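Structural features, examined
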There are 2 protein chains.
Amino acid sequence: MPKTDIEIAREAAKKPIQQIGDRLGIPAEHLLPYGHDKAKIGQGFIDGLRDREDGKLILVTAINPTPAGEGKTTTTVGLGDGLNAIGKDAMVCIREASLGPNFGMKGGAAGGGYAQIVPMEDMNLHFTGDFHAITSAHSLLSAMIDNHIYWGNEQEIDIRRIQWRRVVDMNDRALRQVVCSLGGVANGFPREGGFDITVASEVMACLCLADDLSDLERRLGDMIVAYRRDRSPVFCRDMKADGAMTVLLKDAMQPNLVQTLENNPAFVHGGPFANIAHGCNSVIATKTALKLADYVVTEAGFGADLGAEKFFDIKCRKAGLTPSCVVLVATVRAMKMNGGVAKGDLGATDVEAVRKGCANLGRHIENVKSFGVPVVVAINHFSGDAEEEVAAISAYVAEQGSEAIVSRHWAGGGKGAEALATRVAEIADAGVSNFAPLYGDDMPLFEKIETIAKRIYRADEVLADKKIRDQLRLWEDQGYGDLPVCMAKTQYSFSTDPNLRGAPIGHSVPVREVRLSAGAGFIVVVCGEIMTMPGLPRVPSAEAIRLNDAGQIEGLF
Amino acid sequence: MPKTDIEIAREAAKKPIQQIGDRLGIPAEHLLPYGHDKAKIGQGFIDGLRDREDGKLILVTAINPTPAGEGKTTTTVGLGDGLNAIGKDAMVCIREASLGPNFGMKGGAAGGGYAQIVPMEDMNLHFTGDFHAITSAHSLLSAMIDNHIYWGNEQEIDIRRIQWRRVVDMNDRALRQVVCSLGGVANGFPREGGFDITVASEVMACLCLADDLSDLERRLGDMIVAYRRDRSPVFCRDMKADGAMTVLLKDAMQPNLVQTLENNPAFVHGGPFANIAHGCNSVIATKTALKLADYVVTEAGFGADLGAEKFFDIKCRKAGLTPSCVVLVATVRAMKMNGGVAKGDLGATDVEAVRKGCANLGRHIENVKSFGVPVVVAINHFSGDAEEEVAAISAYVAEQGSEAIVSRHWAGGGKGAEALATRVAEIADAGVSNFAPLYGDDMPLFEKIETIAKRIYRADEVLADKKIRDQLRLWEDQGYGDLPVCMAKTQYSFSTDPNLRGAPIGHSVPVREVRLSAGAGFIVVVCGEIMTMPGLPRVPSAEAIRLNDAGQIEGLF
């Protein structure tokens, strides 16, 4: 029987984190250890890197996710190790995992097989406390808003129009909608409220897009927490919470250094929700990695229609990043599901279904190219894949004028990803990327939405009622017109119907709601239902999580 | 102008934490660093200490607190440094600070002047994440209870009788009383609920009283979360949350090592509320320190009537600890306030008021002696104290057959506390302590309450209606009769009236409510109002907290 991810992770020959830091030239005084295998990088060190040249940025993205699994993080880690295996100097940058969801479904956000980042237990629990700090900072502002109202409401907040919801890093559906401040005079003015999960906090998005602590403080101050009766916004700054929140986030702002199973350095930092936020690791981690390595491999949440688009149009645009190459992950199994095969039938070889499902892959290739970035398809190899199925994908990709490379990092680690790494390095080194965001800053907000819907999702139209269009125009009048839009829709389809796999055309994109994240710096466009507070399943994985007699964690992975 | 606490702390010549660990014989693999100046002690190392002899345990407690301040933590740290200064091998054990309250009033729970533990900024912020882990573990159980109800309520929880409140580490009065699970079928069954501050969590009390992780898991499982319609208890174990909660608390259970300004080792670990819990640092920290040092100086929350009594009757009883000496902290200023002087008039010399206030001190001396433990009074010296005022306290204490020693650790560090340290070491070495708890395990619960009220508070009677007496008898029938009681009353007076300073007699102690903490292992007896979720003041200190241009924290201290 093959080893499980956790068995492989436990056998890792981890190096002391200072040794990993030494390789990057980080002196001990700037490497703040958290245990022996995790560390934060001091700002003093980061400041000293300013004049260095940047390495090349490689984005790993994927087809629309299916229950079959694509292995995007696994491929990101495998490619990083593969680049190091062929003698390149490469780093990996991924997101931190949210704690709460691990107690619902089995967790594991650190790759898989022989392409993992360690220590995986810590990464799925408290890690270095960043998300706890974000929860604290968010909670402080929450408390200060109600406290402001309690002591006289000098800012004249309309308690029916408080936008700021509370957060907790736990799947707790009972908190989605509450009435708070009950119990009489001493407890305040009763009002409706609710909780989201921490990764949905705008504080998280601010931290992940901020250049440094002073930029973070400015962004936090810019967040809109409520409106007055005259609809004028009340900012976090008006609550005088931005300074103390920045103090709470002082350490959380610093990138976390860990290592792959092959002892290559990795930054794991930040984790904004991929729906109501942009879904990539922090700008500070990516920028720091680019100063420390010749190649930086990173990933974006969900499929390329959401993840890559937001990576390009929000993160790269705002942080001034230029990706050199995109790796689009596909699997035989996921192609079969896109081709109409049910999950239970994935075991049977079905070349026809693979070919049919490739339409989804083809459109993602086309879309990524439209940003001016060269793309290579990585076929993340599973042991049950038939050779003719793999060949069918490769043939299809070749027909699209691109190339597909089979990668066996899950089973073989960096060595298994050498072919992919070699080709990715060639493309990145060739400097053929001609990146440009999809739309200009000055395009009207509604047109930005239409541009994404038509050019990326291939919809015929965007449906939005007058209220939404008026809201967008109001924000334009208030000076928010130059912000990018952050699309929130199902990740399972190009359309807003999760069951519409493959490469649908002729569909409509209904906009249900728009939200201004003035601190993060984008306008969230909600198309369909989005869940900002998950629930636990009937039998939560927490029921089986425990320490065994050897003190090891069981049931978490 | 004298330097502020934070200025002194910033100038500390801290040693790398591994050097502090080296002095205690902790090898690097068992010392888990958090930055360069904090570390957790691995369980493997602690397990290896079992056969060592214990050092001597010294409790620092105080008169009833007044707004003038007593400096209990400052004296604890000063005495620890003083013992080291006279060539003894001593350690300090104190509680961790709660994060939330720092944003209301100015913080600082790490001592003061030249008797401080560093890094004080971290200790007042996230420290090593213990309280965040406790919040997470508590929140997991909260979510699992409502999730259990949502999916069919197999345990038949009566949703009107859910005892388990949620927690957050923030002063957030708006959450004291809420209605949750609103919004329809997908969000559950609407019910009343509320939030306490994290230090009030029974999870905190369990962690602080547990011997090790398996004892912690048992205690967590024993916690009562709700009752059924037939009043039978539903335990945490019935929710199957205890295993996962223990996993979340795995690191939080390990003591935190830091250092004093004079580079002496200190454990700072755990911080249960001193009202609805017992208010001392963790048993595991105290027991580990006793294996590592000849003298361990620790403290208990509030004045000796609450803090020392619970330290003796709950912590020492349950953990099998035997204190060798008690230091009772008094100040000239606090004696004056107990003698009727208003805070604004403390500057004027007033020997008569000092003498009058000494009645409070006298009763605490008598009480501590009744536990069989020798006591010495430490007069924590303030720069404005007049010599004749100090002399008045000394004379009074001598009249009681005890001795008072002036200690100048605030201004002079360990050197300033040498006289106190010398005397404390002599007493501890003499082995004259004959410690016994105030009451036996088998005394009926109501009699336990009466014993404390009459013998410690000097009340004439305990007032409790039939409902409360019946509840206590029911718990006795259910097998909880051997638990100690945990008194929750005002810390400002021996009585339940906060304005009754000095040494009142003839008063009554009204019991408003009793609560069973079956996991922590005590019965909370609520006398008067207790606050389990503080609020923020009109101008919270958070408004002034920020990072200055040098990256230093301003406004927190």
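Residues numbered from 1 in each chain as written. Chains lettered and ligands numbered in written order. Predicted model: local features only at pLDDT ≥ 70, side-chain atom pairs only at ≥ 80, totals over all residues. Heavy atoms only, no water.

**Let's talk about the overall build of chain A**
For clarity, the threshold we go by: Only DSSP runs of H or I covering at least 4 residues are called helices, and only runs of E covering at least 2 are called strands; the numbering of each starts at the N terminus. We compute the radius of gyration from the C-alpha atoms alone; for a globule the expected value is 2.2 Å times N to the 0.38, where N is the number of residues. Residue contacts follow a heavy-atom distance rule, with two residues in contact if any of their heavy atoms lie within 4.5 Å. Note on charges: Lys and Arg go in the positive column, Asp and Glu in the negative column, and His and the chain ends are not counted at all. Charge coordinates come from a single atom per side chain, which is NZ of Lys, CZ of Arg, CG of Asp or CD of Glu.
Each helix and strand in chain A was counted, giving 18 helices and 26 strands. Whereas a compact globule of 557 residues would reach a radius of gyration of roughly 24 Å, chain A reaches 23 Å, a difference of no more than 12%. Its C-alpha atoms give chain A principal-axis dimensions of roughly 70 × 55 × 50 Å. Long-range pairs, those at least 24 residues apart, make up 74% of the contacts in chain A with a sequence separation of at least 6. Each charge class in chain A was averaged separately, 59 positive and 71 negative side chains, and the resulting centres sit 3 Å apart.

**Points about the pairing of strand 16 (residues 295–299) of chain B**
In regular strands, side chains alternate between the two faces of the sheet. Residue and element names in this part refer to chain B. What counts is decided by this rule: Each residue gets one of three labels from its accessible area relative to the maximum for its type: buried under 20%, exposed over 50%, partly exposed in between, using a 1.4 Å probe on protein chains only. Paired strands, as defined in this entry, are two strands with at least two bridges between them according to DSSP.
Judged by how many residues are buried, strand 16 sits mostly within the fold: five of five residues are covered. Residues Tyr295, Val297 and Glu299 of strand 16 are buried on one face, and the alternating residues Val296 and Thr298, pointing to the opposite face, are buried as well. Pairing geometry for strand 3 (residues 56–62) and strand 16, over five bridges, is parallel. Among the inter-strand pairings, Ile58 is bridged to a residue of strand 16, identified as Val297. Relative to strand 16, strand 4 (residues 90–94) is paired through four bridges, and the arrangement is parallel. By the bridge assignment, Cys93 is partnered in strand 16 with Thr298.

**Points about the interface of chain A and chain B**
Our working definition: Take the accessible area each of two parts loses on contact, using a 1.4 Å probe, and add the two losses: that sum is the buried area. A pair is scored as a salt bridge if a Lys or Arg side-chain nitrogen falls within 4 Å of a carboxyl oxygen belonging to Asp or Glu. Two N or O atoms count as a polar contact when they lie within 3.5 Å, although within protein this holds only if one can serve as hydrogen donor and the other as acceptor, and sequence-adjacent residues are included solely when both atoms are side-chain atoms. Residues are grouped as follows: Ala, Val, Leu, Ile, Met, Phe, Trp, Tyr, Cys and Pro are nonpolar; Asp, Glu, Lys and Arg are charged; all remaining types, including Gly, are polar.
Each partner contributes to the interface: chain A provides 61 residues, whereas chain B provides 60 residues. Carbon and sulfur atoms make up 66% of the area that chain A and chain B hide from each other, which totals about 5400 Å². The three residues of chain A that bury the most area against chain B are A:Trp151, A:Arg173 and A:Val247, which together make up 11% of that side's buried surface. Linking chain A with chain B are four salt bridges, by the criterion used here. With a closest N to O distance of 2.9 Å, A:Arg166 and B:Asp172 form a salt bridge. Here chain A is connected to chain B by 31 residue pairs in polar contact (both at pLDDT 80 or more). Listed by contribution, the elements that provide at least two residues to the side of chain A that touches chain B are strand 1 (31–33), helix 6 (130–150), strand 8 (166–168), strand 9 (178–180), helix 9 (242–248) and strand 25 (546–547) of chain A. Grouping the constituent residues of the side of chain A that touches chain B by class yields 36 nonpolar, 14 polar and 11 charged.

**What about the relation of the copies chain A and chain B?**
Keep this limit in mind: Least squares is the method used to superpose the copies, on C-alpha atoms of residues holding a pLDDT of at least 70 in both.
When chain A is fitted to chain B, the residual RMSD is 0.0 Å, and the transformation amounts to a turn of 180° plus an axial shift of 0.0 Å. Put plainly, the chains are arranged around a two-fold axis. Within chain A, the C-alpha atom positioned nearest to the axis of rotation is that of A:Tyr34, 2.2 Å from it. With an isologous cut-off of 70% or more, the 98% of interface residues of chain A that recur at the interface of chain B puts this contact in the isologous class.

**What to know about the sheet that holds strand 13 (residues 233–235) of chain B**
Residues and elements named next belong to chain B. To keep things clear, this is the line we draw: Throughout, an axis means a line fitted to C-alpha atoms (over the contacting stretch in the case of helices), and angles, computed between N-to-C directions, take values from 0 to 180 degrees.
The antiparallel open sheet is built from three strands, whose spatial order is 7-12-13. Either end of the sheet is taken by a strand with one partner, and the two such strands are strand 7 (157–162) and strand 13. Strand-to-strand twist of the sheet, defined as the mean angle between neighbouring strand axes without regard to direction, takes the value 50°. With two bridges joining them, strand 7 and strand 12 (residues 224–228) adopt antiparallel strand pairing. Within the sheet, the bridge partner assigned to Ile162 lies in strand 12 and is Ala226. Contacting strand 7 and strand 12, helix 6 (residues 130–150) runs over the sheet at an angle of about 135° to strand 7.

**Quick word on the packing of helix 4 (residues 72–85) of chain A against helix 15 (residues 409–416) of chain A**
All names here are of chain A. What counts is decided by this rule: Each angle gets one of four labels, with under 35 degrees taken as roughly parallel, over 145 as roughly antiparallel, 65 to 115 as roughly perpendicular, and the rest as oblique.
Across the interface, helix 4 lies against helix 15 with an axial gap of 8 Å and an inter-helix angle of 30°. Here helix 4 is positioned roughly parallel relative to helix 15, judged by the angle of their axes. When helix 4 is examined against helix 15, the residues Thr74, Thr75, Gly78, Asp81, Gly82 and Ala85 are found in contact with a partner set consisting of His409, Trp410, Gly414 and Lys415. Here the contact of helix 4 with helix 15 is composed, by residue class, of two nonpolar, six polar and two charged.

Don't take any of this as a statement about function, it's just geometry.
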